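One letter stands for each residue in the lines below.
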Amino acid sequence: MAVKTTTPDAGDRFDSVVEVLAKANEPKTGDELAGIAADSDAERIAAKRALAGMRLETLRENPVVPADEDEVTQVIQEAVREPIYEEIREWTVADLREYLVATGTGEREIAAIRPGLTSEMIAAVTKLMSNLDLALVTSRMEVPARCNTTVGERGTLSFRLQPNDPADDVSNIIDATREGLSYGVGDAVIGVNPVQDSVETTTRILEATHEFIEEWAVPTQNCCLSHVTTQMDAIREGAPADLVFQSLAGTEAGNDEFGVDVDLLDEAHDLAGRRCVSSGPNVMYFETGQGAELSGDAHHGVDQLTLEARCYGLARRYDPFLVNTVVGFIGPEYLYDGRQVIRAGLEDVFMGQLHGIPMGIDACYTNHMGADQNDIENLAVLLAAAGTNYFITVPMGDDVMLNYQSNSYHDAAALWELFDLEPAPAFREWLAEMDLWRDGRLTERAGDPTIFT
C-alpha cells in the first residue's frame, strides 16, 4: 500500500506502511544497518507526517508481516477485542497520540482502548512522541502483576537481583544474593543467568536460591534464565522454580532463532501454571531488546522499534509477571550510543505498558558502545520518574559473567529517595523486620551481607 504526504521534495511518497514506519523512527544504527532508515532528517519528518495522518485501521489491515506468514502476527490480531477496535478504527495515529497525552487521560482511560490496539498501532504512536511524551504517558499507566509478591503498584519501584557467576558457582551466587538483599533489592526476582545451559546446572541454581529464600523467608521469587526447554525439563524433574523465563522476538523467524514457537510457549505457560512452586497467578518472565530480529536475519525489512512492539504483543498472551528490555545489551550495531539507548529504553517501557504488560528494564550498555555509566543512570532517573515497574541490578553495576554494565545494587537507594518510592509492600515489611528499612529509607545496616549468615 503506497502512502503519500503533503510535504514536497522530502520523500513525499512511500511504497508501503512498512517503509513509513521504518523511516519515521528516531535514528537507530540497527535500521541503518538494515538499509531501511530515513536518508535525511527531511525524509524522517515526511514519514512522521504521513504516519500521523494514517488511520489505525490501515495499520490493522497492513501488519508488517502478513498473518499467513507469521504466527506472531496471528497472536496479535487474534487478541484484538473487536468492539473496542470498532470504536477507534477511524482514529489517526495523531488522534491516538493526542488522546494519550491529554490532561484528563489516566490509566482508566488508557485501559478502555488498550484491548483494541495492535502492536503496529502502538509502535506507530511511539514514533510521534518525544522523550518527555513517553515518560509522561508511561507515568500515568499502572500495570501490576503478582507471583509471590506484587510489582507495579503505585508508589513502588522494584528490582531484579542478578547474582551471575562466570563459573556457575552456587556459593558465589548466594554470596552475591546476600549482598543484593542487604541493599534492599530483589523484590522483583532473584534471577540467575547460567553459563551452562543444562538441566543439572538449572536445577542446582534453582535449589540453592529456593533454599535461601525459604531459610530467610524472603518474599520474592526465583528464576534460572536457561532456555525454556531446559527449565521445563528441570521443573518436570522437581526443580523448585517460581517463574519460567524465555527471550522473545517479534517475528516467527526470530523466535525460531531462539528455539521457540507459540506452541512451545503455550506448553511452557501451562506447565508453569501447574508445576511452579509460586502462588501466582502470573508465572512467566520474558526478555526482549531492540535489534534481536536483525541480529538473527529475521526482521523482514521491518524497523527494530516496531518489531520490539510485536514482542510485547506476543508476551501479552501469557499474562507475564515480568517483562524487561535489555536495552543496550545487544550492542552498537543496533543502538550506537547513550542517546540511542536512552530513547530506546523510554520507547520500550512505554510500549510494554501500553500493551498492558508489567514492564521493566535492564538499563545497560556494552563496553564497545558510545555510552557510559552516566547514560544509564540518566535513563534510570527518567524511567523511575516515568514509573517503570522494575530495574535489573548487578554487583557494582558490572556483570562479570555477561560482560556488560548495568545498574548496581546500591543505585536502588538513590532512586527510592529521589522519587519517594519504596519496594513492594511485602518485601518492604520483610526489610523492616531485618532492620534494613525504617521510615521510608534503608538503615545503617544496608550493604552488610553478613546479616544473612
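Before reading further, recall that the structure is shown in the block above.
Given the structure is predicted, the values throughout are model-derived calculations rather than measurements. Within each chain, residue numbers correspond to sequence positions counted from 1 in written order. Thresholds applied to this predicted model are a pLDDT of at least 70 for local features of residues and 80 or more for the giving and counting of side-chain atom pairs; totals over whole chains, interfaces and linings are not thresholded and use all residues. With hydrogens and water excluded, all non-hydrogen atoms of the structure serve as input to the side-chain values.

Caption draft 1: Quick look at empty space enclosed by the protein. Only protein atoms enter the 1 Å grid used here. Points where a 1.4 Å probe fits but cannot escape make up a cavity, open sets with protein on both sides within 12 Å along at least five of seven lines make up a pocket, and a residue lines them when an atom lies within 4 Å of a point. Grid points are joined across faces, edges and corners, and a volume is the space filled by probe spheres set on the points. This model, assessed by the stated rule, comprises one cavity of 30 Å³ or more. Within this model, the largest cavity holds a volume of roughly 50 Å³. Lining the largest cavity are Gly30, Asp31, Ala34, Ile36, Gly291, Leu294, His299, Val302, Asp303, Gln304 and Leu307. Those elements that provide at least two residues to the lining of the largest cavity are α2 (29-34) and α17 (304-315). Helix and strand definitions follow DSSP, with helices as H or I runs of at least four residues and strands as E runs of at least two, each counted in order from the N terminus. Ranked by residues supplied to the lining of the largest cavity, first place goes to α2 with three residues. Ten residue types, Ala, Val, Leu, Ile, Met, Phe, Trp, Tyr, Cys and Pro, are classed as nonpolar, four, Asp, Glu, Lys and Arg, as charged, and the remainder, Gly among them, as polar. The class makeup of the residues in the lining of the largest cavity is five nonpolar, four polar and two charged.

Caption draft 2: Structural detail: the environment of Val244. You can see Val244 is positioned in strand β8 (residues 244-247). On a C-alpha basis, the gap between Val244 and Gly155 in space is 27 Å, while along the polypeptide they are 89 residues apart. Ignoring sequence-local partners within four residues, the contact set of Val244 consists of Val228, Gln231, Ile235, Ala268, Ala272, Cys276, Val283, Met284 and Tyr285. Working rule for contacts: check all heavy atoms of both residues, and any pair within 4.5 Å makes them a contact.

Caption draft 3: Seen up close, the layout of surface pockets. In this model, the largest pocket occupies a volume close to 380 Å³. Among the secondary structure elements, those contributing two or more residues to the lining of the largest pocket are β8 and β9 (284-288).

Caption draft 4: The packing of helix α13 (residues 228-236) against helix α15 (residues 262-275), seen in detail. The geometry of α13 relative to α15 is characterised by a closest axis approach of 11 Å and an angle of 30 degrees between their N-to-C directions. Judged by the angle between their axes, α13 and α15 are roughly parallel. Note that α13 runs across α15; the crossing there is left-handed. Residue-level inspection shows Val228, Thr229, Met232, Ile235 and Arg236 of α13 in contact with α15, the latter providing Leu264, Glu267, Ala268, Leu271 and Arg275. Across the contact of α13 with α15, the residue classes tally to six nonpolar, one polar and three charged. Every axis corresponds to a line fitted to the C-alpha atoms, with the helix fit spanning only the stretch in contact, and the corresponding angles, defined between N-to-C directions, vary from 0 to 180 degrees. Here roughly perpendicular refers to angles of 65 to 115 degrees, roughly parallel to angles under 35, roughly antiparallel to angles over 145, and oblique to all remaining angles. Here a crossing is called left-handed whenever its near helix is offset anticlockwise from the far helix by less than a right angle, and right-handed whenever the offset is clockwise.

Caption draft 5: Structural view of a negative patch on the surface. To count toward a patch, a residue needs a relative accessible area over 30% and no salt bridge; like charges are then connected within 9 Å, while nonpolar side chains (Val, Leu, Ile, Met, Phe, Trp, Tyr) are connected within 5 Å. A 1.4 Å probe and the Shrake-Rupley method give the accessible areas. Residues count as covered only by the protein chains that appear here. By salt bridge we mean one thing: a side-chain nitrogen of Lys or Arg within 4 Å of a carboxyl oxygen of Asp or Glu. Counting rule applied: Lys, Arg positive; Asp, Glu negative; His and chain ends not counted. Every charge is mapped to an atom, namely NZ of Lys, CZ of Arg, CG of Asp or CD of Glu. A grouping of Glu252, Asp256, Glu257, Asp261, Asp263 and Asp297 is seen on the molecular surface, where their side chains present a negatively charged patch. Of all the elements, helix α14 (residues 252-257) adds the most residues to the negative patch, at three residues. As for its placement among the helices and strands, Asp256 is situated in helix α14.

Caption draft 6: Geometry of unusual backbone geometry. Cis peptide bonds are those with omega within 30 degrees of zero, and the linkage from Gly280 to Pro281 qualifies with 15 degrees. Mapped onto the fold, Pro281 is located in the loop between α15 and β9. Despite not being glycine, Ala217 has its phi angle at roughly 55 degrees, a positive value. Looking at the secondary structure, you find Ala217 in the loop between α12 (199-216) and β7 (222-224). Using a 1.4 Å probe on the protein chains alone, a residue whose accessible area is under 20% of its type maximum counts as buried, one over 50% counts as exposed, and one in between counts as partly exposed. For Ala217, a relative accessible area of 54% translates into the label exposed. At Asp297, a residue that is not glycine, the phi angle is positive and equals roughly 50 degrees. Note that Asp297 resides in the loop between α16 (292-295) and α17.

Caption draft 7: Up close: the pattern of salt bridges. Scanning all chains against the criterion turns up 27 salt bridges. Two residues, Arg44 and Asp41, come together in a salt bridge whose shortest N-O distance is 2.9 Å. Separated by three residues within a single helix, Arg44 and Asp41 lie in helix α3 (residues 41-52), roughly one turn from each other. According to the relative accessible area criterion, Arg44 is buried, its value standing at 11%. For the salt bridge of Glu57 with Arg55, the shortest nitrogen-to-oxygen distance reads 3.4 Å. On the accessibility criterion, Glu57 (15% relative accessible area) is buried. Note on Arg55: relative accessible area 39%, which makes it partly exposed. One salt-bridge network, held together by shared partners, links Arg55, Glu57, Glu61, Glu86 and Arg89.

Caption draft 8: Layout of the packing of aromatic side chains. Between 30 and 60 degrees the pair is tilted, below 30 it is stacked and above 60 it is edge-to-face, where a pair is any two Phe, Tyr or Trp rings, Trp via its six-membered ring, whose centres lie within 6.5 Å. One pass over the structure, following the stated rule, counts twelve aromatic pairs. An angle of 90 degrees between the planes, with centres 5.3 Å apart, marks the rings of Trp416 and Trp437 as edge-to-face. One end of the pair, Trp416, is in helix α20 (residues 411-419); the other, Trp437, is in strand β16 (residues 437-438), with 21 residues separating them in the sequence. The burial state of Trp416 is the same as that of Trp437; both residues are buried. Seen from their ring centres, Trp430 and Phe452 are 5.9 Å apart, and the 15 degrees between their planes marks the pair as stacked. You can see Trp430 sitting in helix α21 (residues 425-433) and its partner Phe452 sitting in the segment after β17 (441-442), a full 22 residues away along the chain. Each member of the pair, Trp430 together with Phe452, is buried.

Caption draft 9: View of the environment of Cys276. Along the chain, Cys276 turns up in the loop between α15 and β9. The buried category is assigned to Cys276, whose relative accessible area is 9%. Sequence separation of Cys276 and Asn407 is 131 residues, and the distance between their C-alpha atoms is 29 Å. Here Cys276 is in contact with Ile235, Ala241, Asp242, Leu243, Val244 and Leu271, once residues within four sequence places are set aside.

Caption draft 10: Expanded view of the side chain of Thr288. As for its placement among the helices and strands, Thr288 is situated in strand β9. Side chain to side chain, Thr288 and Tyr312 meet in a polar contact 3.4 Å long. Once you skip the residues sitting within four places of it in the chain, Thr288 turns out to touch Leu248, Glu308, Cys311, Tyr312, Asn324, Thr325 and Val326. Counting of polar contacts relies on pairs of N or O atoms within 3.5 Å, with two restrictions inside protein: one atom must be capable of donating a hydrogen and the other of accepting it, and residues adjacent in sequence are counted only when both atoms are side-chain atoms.

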